[in-house]
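Geometric and topological summary
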There are 4 protein chains.
Amino acid sequence: MNQMVDINRSKIEREETAQARWSRFKPITTGDEYLESLRGRQITCYLFGESVANPVDHPIVRPSMNALKATYELATEDPELATAWSPLIDAQVNRFLHIVTSPNDLVMKNKMQRRMGQITGTCFQRCAGLDTISVLHSITYDIDAKHGTAYHTRYLEWLKNAQRNNIIVGAGMTDPKGDRSKRPHEQADPDMFMHVTRRTKEGLYVRGAKAHMTGGLNSHWICVMPTMNLGEKDKEFAVIGVVPADAAGMTFIYGRQSCDTRALEKGSIDQGNAKFGGQETLVVFDDVFIPWEHVFMDGEYEFAQELVTRFTAYHRASYVCKTGLGDVMVGAAAAIAEYNGADGASHIKDKLVEMTHLNETIFSSGIASSHESKKLASGIFMNDAMLANVCKHNVTRFPYEISRLAQDLAGGLMVTLPSQSDFEHDVAGPMLAKYFKGKEEIPLESRVRMLRLIENMTLGRNAVGYLTESMHGAGSPQAQRIQILRGMDVERKKNYAKKLADIPIAVVPK
Amino acid sequence: MNQMVDINRSKIEREETAQARWSRFKPITTGDEYLESLRGRQITCYLFGESVANPVDHPIVRPSMNALKATYELATEDPELATAWSPLIDAQVNRFLHIVTSPNDLVMKNKMQRRMGQITGTCFQRCAGLDTISVLHSITYDIDAKHGTAYHTRYLEWLKNAQRNNIIVGAGMTDPKGDRSKRPHEQADPDMFMHVTRRTKEGLYVRGAKAHMTGGLNSHWICVMPTMNLGEKDKEFAVIGVVPADAAGMTFIYGRQSCDTRALEKGSIDQGNAKFGGQETLVVFDDVFIPWEHVFMDGEYEFAQELVTRFTAYHRASYVCKTGLGDVMVGAAAAIAEYNGADGASHIKDKLVEMTHLNETIFSSGIASSHESKKLASGIFMNDAMLANVCKHNVTRFPYEISRLAQDLAGGLMVTLPSQSDFEHDVAGPMLAKYFKGKEEIPLESRVRMLRLIENMTLGRNAVGYLTESMHGAGSPQAQRIQILRGMDVERKKNYAKKLADIPIAVVPK
Amino acid sequence: MNQMVDINRSKIEREETAQARWSRFKPITTGDEYLESLRGRQITCYLFGESVANPVDHPIVRPSMNALKATYELATEDPELATAWSPLIDAQVNRFLHIVTSPNDLVMKNKMQRRMGQITGTCFQRCAGLDTISVLHSITYDIDAKHGTAYHTRYLEWLKNAQRNNIIVGAGMTDPKGDRSKRPHEQADPDMFMHVTRRTKEGLYVRGAKAHMTGGLNSHWICVMPTMNLGEKDKEFAVIGVVPADAAGMTFIYGRQSCDTRALEKGSIDQGNAKFGGQETLVVFDDVFIPWEHVFMDGEYEFAQELVTRFTAYHRASYVCKTGLGDVMVGAAAAIAEYNGADGASHIKDKLVEMTHLNETIFSSGIASSHESKKLASGIFMNDAMLANVCKHNVTRFPYEISRLAQDLAGGLMVTLPSQSDFEHDVAGPMLAKYFKGKEEIPLESRVRMLRLIENMTLGRNAVGYLTESMHGAGSPQAQRIQILRGMDVERKKNYAKKLADIPIAVVPK
Amino acid sequence: MNQMVDINRSKIEREETAQARWSRFKPITTGDEYLESLRGRQITCYLFGESVANPVDHPIVRPSMNALKATYELATEDPELATAWSPLIDAQVNRFLHIVTSPNDLVMKNKMQRRMGQITGTCFQRCAGLDTISVLHSITYDIDAKHGTAYHTRYLEWLKNAQRNNIIVGAGMTDPKGDRSKRPHEQADPDMFMHVTRRTKEGLYVRGAKAHMTGGLNSHWICVMPTMNLGEKDKEFAVIGVVPADAAGMTFIYGRQSCDTRALEKGSIDQGNAKFGGQETLVVFDDVFIPWEHVFMDGEYEFAQELVTRFTAYHRASYVCKTGLGDVMVGAAAAIAEYNGADGASHIKDKLVEMTHLNETIFSSGIASSHESKKLASGIFMNDAMLANVCKHNVTRFPYEISRLAQDLAGGLMVTLPSQSDFEHDVAGPMLAKYFKGKEEIPLESRVRMLRLIENMTLGRNAVGYLTESMHGAGSPQAQRIQILRGMDVERKKNYAKKLADIPIAVVPK
C-alpha cells in the first residue's frame, strides 16, 4: 500500500491551512452553481476500473449529483420549508446546514426530507451531513465542558463558513472494522479503523477508510468521526475532523448499483428515473491532513459512544425521507393501475390504501420522535431516541411491502418489456406499438415510462435507496432492536402489571 | 313499546329546567366523591335479567366505575398531566373536561390517555365524552355562524357547569340503524335513529336508543348526537343535546363481557384484574326531555357529516390509550417470562422488543396526529385526520399481535390453571402447590395472578377493551380505510411519479 | 403430601392384574355407550374447589365429553372417514385407535381431524392418544430390537383390547418439570418428573403428575411416558405404561377456561357453543400401580429423546384439526356478515378469502407432511417431521389472524350484547327486540347466537382450543423453530448458493 | 403492419406438413445436444434493437438456455427424479414431457421443480409447457367426447413425437388483450387475441401475439391456446395448435431484465449467477400456418374456460419451483452470515428459520395439492385447484419476505460494492483488498460473489424470476383470490357454524 501515498501527495500541498481550504469556495446559491462547484477539483475517483477525471459529466454519477442539486433548488422554490434563519451568521441558510433549536426545527427537517423524497425518488444524500452537524454541536460542547478544550468554538467557526458558502458535508462514519471480534487497537491492521498517524504543529494526519459513504464524491467537505464506542486503548481512534473532498491523500471508489449502466445506454426510458440517483463510495484516507482548526475531537474516546447514540437518534428519524419515495410509489402504482384500466377495482384501491397507511405510519414515527425532542446542554434539540428507532425499524419493513404491492399493481409487463431500442426499431417497434397498446387515450410511451419507474424503484437503481438502504442505512434492523430493548424500561412496565394483578411490587426473582 | 313510557314517567318530573338538572350536582374533587355521586340516582338499569337498584355496589359494575374513578385520582396525583387551566371558569379543570387550544393540549391528552391505560389496564370510558366536548365547541360555533343560532353560548354555559362540577359526560352517538340500506327518514320504525318527537316552550323530546355506549351508566350527563351524515328529509334526526343520566324516560341495559361473572365468584385471583373493567350499555330514550338551554343542534342536518368527521378525527387518535394497555401487556409478558425462568432466552427478549415496537408505533401515530393539528374557526384545535385514521387502523391490528405474543410468553398454563377455590382446597390445594411450584423465590400465587392478568387482557373481561373495542371502537377498520382513501390525494402523488418518469402531467385518461 | 396417598388407597385394590383392569370394560359402539362408560367410576376429581362425584352430568364437564362422544358418532355416520380395518383384531376399528400403515392412513387421519373440528368447533381431545398409540408401536419395537425385551408384544396385546373395547386413551406426557435448569434426577423433589417408586413381582408403581392433560378425565386409559430426553442417571424416569383413569392413587384437578361458568347459567345462548368444549386437567399419580403387562418401557432412557421426537412429528401434524375450527370461523364470519347485511361488500368477501387462504395453508402443511411419511422399522409410517413442524408453526399464527378477521366481520355488538336473561326479561326484552332488530328475515335470536359463537371461539371457552392451545399444544412456537433449525440442512443449501456464485465448495471458515 | 408479413414469408415454405416439421428434429439426449438443436434455426428475434442471428451464443440469451439445458442434464444425473416411463412410446422420457397418471406423478413433478430451482436459481422455463401437455390430454379428450372430433388422437401422435425427440414446448397463452373491457370479437383490432385468419385443405392460419412467453425463444415448439373464457361470437378465437418456433411468420422480441447487460461486461462476478437466467419474450404470429394434424381445437369455444381453469390448477402448483430458489436464498443468506462472522448470533439463526419456514410452507401447499389430485375422464390426474391457488398465493408473498430477510443478512455492502473491474484495477484493487478484507479464512472474492448472488436474486436479473414472476406468473394475486372465493364453499361452512350455534339451517336471508 505504500505506493498509494505517492499517487495523491503531489496534487495539493498537504499541510494546507484552514483558511486555504476555505479559500477555494465561494457561496453557492443555485443548483447550477452547485454542479459548477464540483468541477475542476483534483479528486481521485475510480469507477468501473477507470479513473474518472470529471465526475460531474459522467452519466452514472450525474444523477446522484442532480439529487443534491435539488436540495439547492428547493431552498429557492420553497424557502419556508427548506431554509431557516441562522443566528450564527444572521442570515437565512439552507435547512440542511441549520442547527435545530426547537422541536419544530426537527419536524420541519422531516417535512423537508419527505418533500425531497417526492422530488427525487431516491436518496438525496444530504441527511447524514445534516445530522452530523447537529451531533457535533452538542458533543463538542460536552467535551469542552469536561476537558476545557475549545472544540465547540472551532466547530462554530467552521459551521459559519459552511453556512456562508452553502456547502455539502458528507458523513464519514462507517469504518471497515476488519475482524469484528476485535477492538480497534487490537486489529492486525490498525487502518481498519480511522486513526491519527501523526501530529504536527499545524494539525494531524488520519489514515483509514470510510465505507458506504453516501454521496461522498458529491460532497465538498467530509467529516470523519468514530463509528462505535471506544476504550482508553483506542484513544488514537478517537478523532473527529473535517476535510475537503479534494484534500491530498483521498481516494473515492464508486459503488455500483443495480441497473447502473442503463445510464450509459442510448435513450432515457429504460432508466426509469433518468434524472436522479443515489451514490455510495468507499473513501480511502491515506495520511490525510487536518489543520487544528478543523479537529473537533482528539483522544476524548469516552465521548464516542454518546456521539454514535446521538447520531443514530437523529439519523434514524431522518429515514422519514423514505415516505417521500413512498409517495412516489403510491403515485406510480395508482398511475399504472389507471393506465391499465384497473383503477376502479376495489382490490386496487384497497392496495393503494394499504400502501398509504404503511407510508403514513412511518411518517408518524418520525414526526412523533421530533415532537418529543429534548434540549441538550449545548442548546440544541435532540429527537426522542426510542421513537427514532421505531421509525427506522418500520423503514426496514414497510417499504418492502409497499414495493411488493406496487409490483402487484404494475403487472408482469414491468419485467418483460423489451428495451427502448426495440420500441424504436423499424420492424420491432411497430409490432410493439400494435400489441402493447392499452387504453386509447394513454400513449404507450407513458405506460412504458411508468413501468420503468416502478422497476427502477423496486429492482433497479433506486431500489438500492428505497429498499436495501432502508434496511441497512443508519444501522441494520437488529441495531434498532437492541436500542429498543435498552430503552423499553421493562421494569416499570412489570410494575404496572403487578399492580393490576395485585402482586407485591417486591416480588422480583433474584 | 307503549308501556315502556309509563315505567319511567313518574320517577322524575319530566320537564325539568336546566337549572333543576344542575342543582342535583355538586363539585367532585376525589375519586370517592365520584362514586358517591353515582349513588341514589333514580336510574333504570338491567343486568342479567334483573333491575339493578344500586349499580355502584354491584360487583360486575364497580370495576368499570373504578376505572373512571381513577381519572379523578390521576388529576390529584399528577395535575400537570391530568388537569389544565380553563379560561372559561378561570380554574384548573380535569383534562377530560378541557377544551384543546393548542397542539400541545392534544399531545398532553394522548399522554394522559396512555397513562390511564397503564393504571387501569382497560377502557376507562372518559375519552368519547372528552372528544364530544371538543367537537361541540367548533360545530356549535359553525352552525351559529351560518344560521345565527345561539348554540355556542348555550354550549359554553353548559360546559362551565360541567367543569365546575367535574362531571363525567358520556357520548351517545351510535344509533341502532335498523335496515342499513335505508336513510333515517326511510326506516319503518323511526326510532332506529334518535329523533325529536315533540317540541314545547321549554324544550324538546327525543326518542330512540344509543348502542354500545361506553360507560353510559357511569356518566352523569349524556350527549346525544347524530351518528352519520343526514339529508334534508332527516331534519328531525339532526339533534344534539345533553341530558343527565337519570332523566325521566331513560333505560340502561348492560352489555355482558367475557368472564364477567368471575367478579361474582369468591376470591379475586381468577378475575385477573379485579379492580378495573370496561362498560358498554344500550341506552334507550323513551321521549326524554331536553330543555332548550341544553339543545345544541335542532334541524341543522347539513352539519351532521362534519360533526362525525371531526369526532372521528379526535376519537381515532384517542385510541393511543391502548398503548397504555400495551405497556401492561409488555410488563405482564416480561414478568411471566421471568417467573417461568425464561427471561434470559434471546427469543423471549426479541418478542418483548417486537411488542414494544408495535406499541410505540401506535403511540407515534397518535402523537404525530396531535402535533399536526390545525386551528378551527371556533379557536379550538383539531388533530390531523389522516394520521388519526392511521393511528386507529394500527390499533385494529397491533394489539392482536401483542396479545398473541403475550400468550406465547405466558405458556399454556394460562388456560389450564384450576380455579382459585381449588388452590385453596384442603386436598387439591397442596397438590397444586407441590406440582405448580416454579422458581423457589416466586410465590405460586404471584405466578397465577400474572397468568390470570394475561388471560384477562387476551381472552377475558379486558380483552373486550384491548382487542374487540380496538377493532370496532370509533369505527371499524374499513371506516378508516375509507377515510385514508379519501384523504390520500392520489392525484398529487401521481404527478410526483409522472415527473420522475418524464411523462407530461397532462397524460390523464378521460 | 403423605396424607394424599390414603385418600385413594382404599378405593380399588391397588395391585390389580391387567386382566382385572380390562374386565371393567365392555365394547363401546355408540356415543351414548361412551357416556355411559364414564358413569360410576371411582374417580377423584376437583373442580371449583369441590369434589365432583359424577362428572358426566356436570354442566361444565359434559360439553368436553360430548366432543369425545362425537368421535364415536362420526365412526357410525361416516365409517370410511372415521374407521379403518385393523389386521390386529381383523375388524373395523375407530380410526382414533388405528395403527397407520401407509401415507394414506395419515392423510385420512388429518381429514378426520378436520371433520371433527367442523363438527365440534373445539378440541375433541382424542388426538394425543391416537398419536401415542402410533409412537408406541415403533418405539417398543425398537427397544425390543436393541434390548431383547418384550414390550412390543405387550403393547400389541393391550392395543387389541383397546381396539375391541373401543376405549379412549389419554396421553400423559407433560411433567411439571420444577426447576427448568435441572435434569430430572437433579430435582429437589423427584416427583417433578414421573418416576418409578417401587417394583414388585406384579408390576411397578409410578409417582408424579402430568399437567395440561387434554381430556384426562374423559379417558378410559392413560398412557404415561417421558416428556423429554433422559440421561443414564434419569433411568428411573424412563417409564412408559398404561393405567385406567380410575386406578387407585390418581387425582384429577380440572383446569378452568374463559367463560366456563356460562354453562352453569340458565339458558344456552350465551355459551355460544353449548354442546361442545375442551378439557385440560392436572393428573396427580400418587404411587399408581402398573402391572408388567402394561409396562412398555422401564429404564431404557436412551429412547426417550426419540419417543418425544416421533410423538411431536405425529402430533404437530395433528393440529390440522384447527382447520376444522377454521372452517367454522369462516362460516360464522360469513353468516354474521350476511345477517348484518354486509355480505355483498368487497372488503368482506376479501376477508373471507384471506381467512380461507390461511386456513387451507395450514391444511396443506398437514397433508404434505402425511404424504411425505416414511416407513419405520416396526412397519408403521411416520409423517415428515419438518413439514409437521411447519404445520404446527403456522397453527401458532394463522388462527389468531383468522380470529381477528372474524371479530372484524362480527362487529362490536359481539362484546356489548346483553345477557340472554335480559333478552327474556319482560321490560328489557322488548326494548332489545326493538332496537337490535336487523334484517327483517333474520330472527334476532339467530344473530345473537352467531355472535355468541364467534365470542366463544375468539374470547370464550373454545378460544382456549382455537387460540391458546394452537399456540402451546404439542410444543410452543420456539420448540418448532428449534426443530426447523435442526432439520433445515443449511450446509446443503449453502452449497447450492456457492455453486451458482461459482465459489469453490471448499470455502468454509474454520 | 402489412409489411410484417413479407419479412418472414420467404424463410420457410409456409404450408409445411406436420411430417416436414418433425423431420427437422432428431432425438436430444444431452444438454449439449439441446444447445446444438437451437443453432441454425431461421428465427427472427430482436434484442436491444438488433436482430439476433444466433441467439445461442448471445451472452444475454445463453444463461436462459443454460437453465433449460439443465433439465436435460438432470434427467441423466437423477433419472428417478427427472424421467418417467411413458406407456405411449414404451420408453423412459424426460419428466417434463410426461403425462401425469397418478398423484405421485404430480408430487414427483413438484420435487423435480424444486430441484431445478436449486440447480439454476432462476426460472428454468419448462413448466408451462409441461402443464400445457397435461391440460391438452384431458381437454382434447373431452372435446372429442362431446363433438366426435379427433383432437385427442392428433394430440397423442404429436406427443409421441415430442417424447421421442425430447423437445421443449413453450406455452403461448397470454394474449395482449387490448381494451380489457371488451370481449375478443368486440376488439377494434382482432389481433389483440390470437385467432384463425384462414383455413385451407392443409391446415389453418393464426394471427395475433402471445406476451410474456416464458422461454419462448428457447423452445422447439410452441402451443397456442386461448387465454380466457370465450363466447359463441368468439369462435374464431377458440383455437389450439402447435407450431415449431421457426415456423414462417413468427417474430420474437426479447424482454429485458434488471441488470441484464452485466452479462455483456468483462468478468463474471458482478452477474451474481453468471450461468443461469430466465427469459420472457413477446411472440408475434403473423399468419402462421398450422397443419390439421397439429390443430387440437378449432371453434369449440365452450371449452376455453375449462382449459384455463385446468391449466391454472396445474400451473399454480408448479410454482413450488420457487422453493428451490428459496433454498438457494437460505443457503446464500447462511453463507454470507458465516462470511461476515455473524452466523452465531441468535437473531441470524432465527431469520434463517423464518426463511425456511416460509419456504417449506409454500412447498407444503404444492405437495398437498398434488396429493389431493383427482382422475379426469381422459385418465390423467389433475391436482386440487383450491390448494394450487393457495400455493401460488403464498408464492406472491413469501419470496418477497425471504428476499427481505436475505438482504437483512447480507448487509449494506451488497449495494455499495464496487465493480469487478475496480477489484482488478492496479490502484483501486489493492485498496479494496485491504479494506474489504473480512475473516482471514474467507477469500474476499468468495464474499463478493455471494453478495452478488443475493443481489442477483433480490434486485438483479433473477429477482425477476424469484419475485415479480412469483407475483404475476400463472395469474396475479387477485386471480387466485377469485378462485379461492369460488371454491371456498361458504354455504357449507355457514352450516357448520349454525349447527354449533343451534340456529336452524333454514335461517337464510332472502
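Quick caveat: nothing in here was measured; it's all calculated off a predicted structure.

Considering the overall build of chain A
The secondary structure content of chain A amounts to 19 helices and 14 strands. Computed over C-alpha atoms, the radius of gyration of chain A comes to 24 Å, within 12% of the 24 Å expected from 2.2 N^0.38 for 510 residues, which places it in the range of a compact globule. Overall, chain A is about 75 × 75 × 50 Å in size when its C-alpha atoms are taken along their principal axes. For chain A, the accessible area works out to roughly 15600 Å², and carbon and sulfur atoms hold 51% of it. A gap of 4 Å separates the mean positions of the 60 positive and 61 negative side-chain charges of chain A.

Here we look at the interface of chain D and chain A
The partner chain A presents 75 residues to the 75 residues of chain D that form the contact. Seen at the junction of chain D and chain A, the total is 8 salt bridges. A salt bridge links K434 of chain D to D189 of chain A; the nearest nitrogen and oxygen atoms lie 2.9 Å apart. At the junction of chain D with chain A, the criterion picks out 34 residue pairs in polar contact (both at pLDDT 80 or more). Considered class by class, the residues forming the side of chain D that touches chain A number 34 nonpolar, 23 polar and 18 charged.

What to know about helix α12 (residues 385-395) of chain C
Residues and elements named next belong to chain C. Counting buried residues along α12, 10 of its 11 residues qualify, which places the element largely inside the surrounding structure. Those residues of α12 lying buried are M386, L387, A388, N389, V390, C391, K392, H393, N394 and V395. The N-capping residue of α12, defined by a side-chain oxygen 3.3 Å from the backbone nitrogen of M386, is D384.

A word on the relation of the copies chain D and chain A
For the pair chain D and chain A, the superposition axis carries a translation of 0.0 Å, the fit reaches an RMSD of 0.1 Å, and the rotation angle comes to 180°. Such values leave the two copies arranged in the relation of a two-fold axis. Most of the interface of chain D is mirrored in chain A, where 100% of its interface residues are also at the interface.

Some words on the relation of the copies chain C and chain D
At an RMSD of 0.0 Å, chain C and chain D line up after a rotation of 180° and a shift of 0.0 Å along the axis. In this assembly the copies share their binding face: 100% of the residues contributing to the interface of chain C also contribute to that of chain D.

With respect to the environment of L467 of chain A
Here L467 of chain A lies in helix α17 (residues 463-472). Accessibility expressed as a relative area gives 4% for L467 of chain A, which makes it buried. A C-alpha to C-alpha distance of 43 Å links L467 of chain A and L500 of chain A, two positions 33 residues apart in sequence. Residues in contact with L467 of chain A, not counting those within four places in the same chain, are P399, Y400, S403, M457 and T458 of chain A together with Q407 of chain D.

A look at the sheet that holds strand β2 (residues 50-51) of chain A
Through backbone hydrogen bonds, the strands of a sheet pair up, either in parallel or in antiparallel fashion. Residue and element names in this part refer to chain A. Strand order in the open sheet formed by 6 strands is β2-β1-β10-β11-β7-β6, and the pairing between neighbours is mixed. In this open sheet, the two edge strands, each paired with only one partner strand, are β2 and β6 (195-199). The sheet contact formed by β6 and strand β7 (residues 203-214) spans 4 bridges and is antiparallel. In the strand pairing of β7, H195 is matched with R207.

Focus: the interface of chain C and chain D
If you look at the interface, chain C gives 70 residues, while chain D gives 70 residues. At the boundary of chain C with chain D, the tally comes to 12 salt bridges. Between D350 of chain D and R481 of chain C there is a salt bridge, and its shortest N-O distance comes to 2.9 Å. Here chain C is connected to chain D by 19 residue pairs in polar contact (both at pLDDT 80 or more). Counting only elements with at least two residues in the side of chain C that touches chain D, the list comes to α6 (103-120), α10 (321-339), α11 (346-371), α12, α16 (444-458), α18 (477-487) and α19 (490-501) of chain C. The element best represented in the side of chain C that touches chain D is α11 of chain C, accounting for 15 residues. Each residue belonging to the side of chain C that touches chain D can be placed in one class, and the counts come to 34 nonpolar, 16 polar and 20 charged.

Focus on the domain arrangement of chain A
All names here are of chain A. Each assigned domain of chain A is listed here: domain 1 (3-300) and domain 2 (314-488). The distance between the C-alpha centroids of domain 1 and domain 2 comes to 26 Å. Taken together, the contact pairs 46 residues of domain 1 with 46 residues of domain 2. Across the interface of domain 1 and domain 2, roughly 3700 Å² is buried in total on both sides, 56% from carbon and sulfur atoms. The largest per-residue losses of area from domain 1 upon contact with domain 2 belong to N110, R114 and I269, which jointly make up 20% of the total buried on that side. Our count for the domain 1 to domain 2 interface comes out at 4 salt bridges. In this structure, the salt-bridge partner of R114 is D327, at a minimum N-O distance of 2.9 Å. At the boundary of domain 1 with domain 2, the tally comes to 23 residue pairs in polar contact (both at pLDDT 80 or more).

With respect to the UniProt feature "binding site: FAD" (unreviewed entry) in chain A
Residues and elements named next belong to chain A. Here, the residues flagged by UniProt with the feature "binding site: FAD" (unreviewed entry) are T214. Within the secondary structure, T214 sits in strand β7. In contact with T214, other than residues within four places in its own chain, are C123, Q125, Q279 and E280.

Remarks on the sheet that holds strand β1 (residues 44-47) of chain B
Strands sit in the order β2-β1-β10-β11-β7-β6 (chain B) across an open sheet of 6 strands; the sheet is mixed. In the strand order of this sheet, the two ends are held by β2 (50-51) and β6 (195-199) of chain B, each with one partner.

Some details on the state of the cysteines
Scanning the model with the defined rule gives 0 disulfides over all chains in all. Left unpaired, C127 of chain A is separated from the closest cysteine sulfur, that of C321 of chain A, by 5.4 Å. Between C391 of chain D, a cysteine without a disulfide, and C321 of chain D, which holds the nearest cysteine sulfur, the sulfur-to-sulfur distance is 8.9 Å.

Side note on the side chain of E280 of chain A
Examined against the element boundaries, E280 of chain A turns out to sit in strand β11 (residues 280-291). Buried and unpaired, E280 of chain A has no salt bridge, with K322 of chain A as the nearest side chain of opposite charge at 7.8 Å. Of the polar contacts made by the side chain of E280 of chain A, one reaches the side chain of T214 of chain A; its length is 3.2 Å. Not counting the four nearest positions on each side in its chain, E280 of chain A is found in contact with H212, M213, T214, I253, Y254, G255 and E469 of chain A together with T416 of chain D.

Comments concerning the UniProt feature "domain: HpaB/PvcC/4-BUDH C-terminal" (unreviewed entry) in chain A
Under the present numbering, the feature "domain: HpaB/PvcC/4-BUDH C-terminal" (unreviewed entry) in UniProt falls on residues 304-502 of chain A. Each end of residues 304-502 of chain A is marked by a C-alpha atom, and these two atoms are 44 Å apart; helix forms 72% of the span and strand 2%.

Focus on the pattern of salt bridges
In the structure shown here, the tally under the stated rule is 180 salt bridges over all chains. Ionic pairing is found between D286 of chain D and R207 of chain D, a salt bridge with its closest N-O pair at 2.4 Å. Of this pair, D286 of chain D sits in strand β11 (residues 280-291) while R207 of chain D sits in strand β7 (residues 203-214); the two residues are 79 residues apart in sequence, bridging distant segments of the chain. Side by side, D286 of chain D and R207 of chain D carry an identical accessibility label, which is buried. One network of salt bridges, with partners in common, ties together R256 and D260 of chain A together with R262, E265, D270, R452 and E455 of chain D.

Re the pairing of strand β5 (residues 169-172) of chain A
Residue and element names in this part refer to chain A. Side-chain alternation along β5 places V169 and A171 on one buried face and G170 and G172 on a second face that is also buried. Two elements, β5 and strand β8 (residues 221-224), share 4 bridges in a ladder whose sense is parallel. In the sheet register, A171 faces β8, and the bridge partner there is C223.

What about the packing of aromatic side chains?
Throughout the structure, instances matching the rule amount to 48 aromatic pairs over all chains. Ring plane angle 90° and centroid distance 6.4 Å describe the contact between F193 of chain C and F237 of chain C, whose orientation is recorded as edge-to-face. Separated by 44 residues along the polypeptide, F193 of chain C in the loop between β5 (169-172) and β6 (195-199) and F237 of chain C in the loop between β8 (221-224) and β9 (239-244) bring together distant segments of the chain. Pair check on accessibility: F193 of chain C and F237 of chain C agree, each one buried. The ring of Y319 of chain A carries K392 of chain A above its face, with NZ or CZ at 5.2 Å from the centroid. The ring of Y435 of chain D carries K434 of chain D above its face, with NZ or CZ at 5.2 Å from the centroid.

Points about the packing of α19 of chain C against helix α6 (residues 103-120) of chain D
With their axes 7 Å apart at the nearest point, α19 of chain C and α6 of chain D run at an angle of 50° to one another. The pairing of α19 of chain C with α6 of chain D is recorded here as oblique in orientation. Residue-level inspection shows R492, Y496 and L500 of chain C of α19 of chain C in contact with α6 of chain D, the latter providing R115, Q118, I119 and T120 of chain D. When the residues that make up the contact of α19 of chain C with α6 of chain D are grouped by side-chain class, the tally is 3 nonpolar, 2 polar and 2 charged.

The rules behind each value
Residues numbered from 1 in each chain as written. Chains lettered and ligands numbered in written order. Predicted model: local features only at pLDDT ≥ 70, side-chain atom pairs only at ≥ 80, totals over all residues. Heavy atoms only, no water. Helix = DSSP H or I, 4+ residues; strand = E, 2+ residues; numbered from the N terminus. Rg over C-alpha atoms; globule rule 2.2 N^0.38 Å. Areas by Shrake-Rupley, 256 points an atom, 1.4 Å probe, with all protein chains shown as cover. Lys, Arg positive; Asp, Glu negative; His and termini not counted. Charge placed at Lys NZ, Arg CZ, Asp CG, Glu CD. Contact = heavy atoms within 4.5 Å. Salt bridge = Lys/Arg side-chain N within 4 Å of Asp/Glu carboxyl O. Polar contact = N/O pair within 3.5 Å; in protein donor to acceptor, adjacent residues only side chain to side chain. Nonpolar A, V, L, I, M, F, W, Y, C, P; charged D, E, K, R; others polar. Buried < 20%, exposed > 50% of the residue type's maximum accessible area, 1.4 Å probe, protein only. Least-squares fit on C-alpha atoms with pLDDT ≥ 70 in both. Pairing = 2+ DSSP bridges. Domains from an automatic or database assignment. Buried area = accessible area lost by both parts, 1.4 Å probe. UniProt positions renumbered as here; feature names shortened; annotations may be inferred. Disulfide = S-S within 2.5 Å. Phe/Tyr/Trp six-rings, centres within 6.5 Å; stacked < 30°, edge-to-face > 60°. Lys NZ or Arg CZ within 6 Å of the ring centre and 35° of its normal. Axes fitted to C-alpha atoms, helices over the stretch in contact; angles between N-to-C directions. Parallel < 35°, antiparallel > 145°, perpendicular 65-115°, else oblique.

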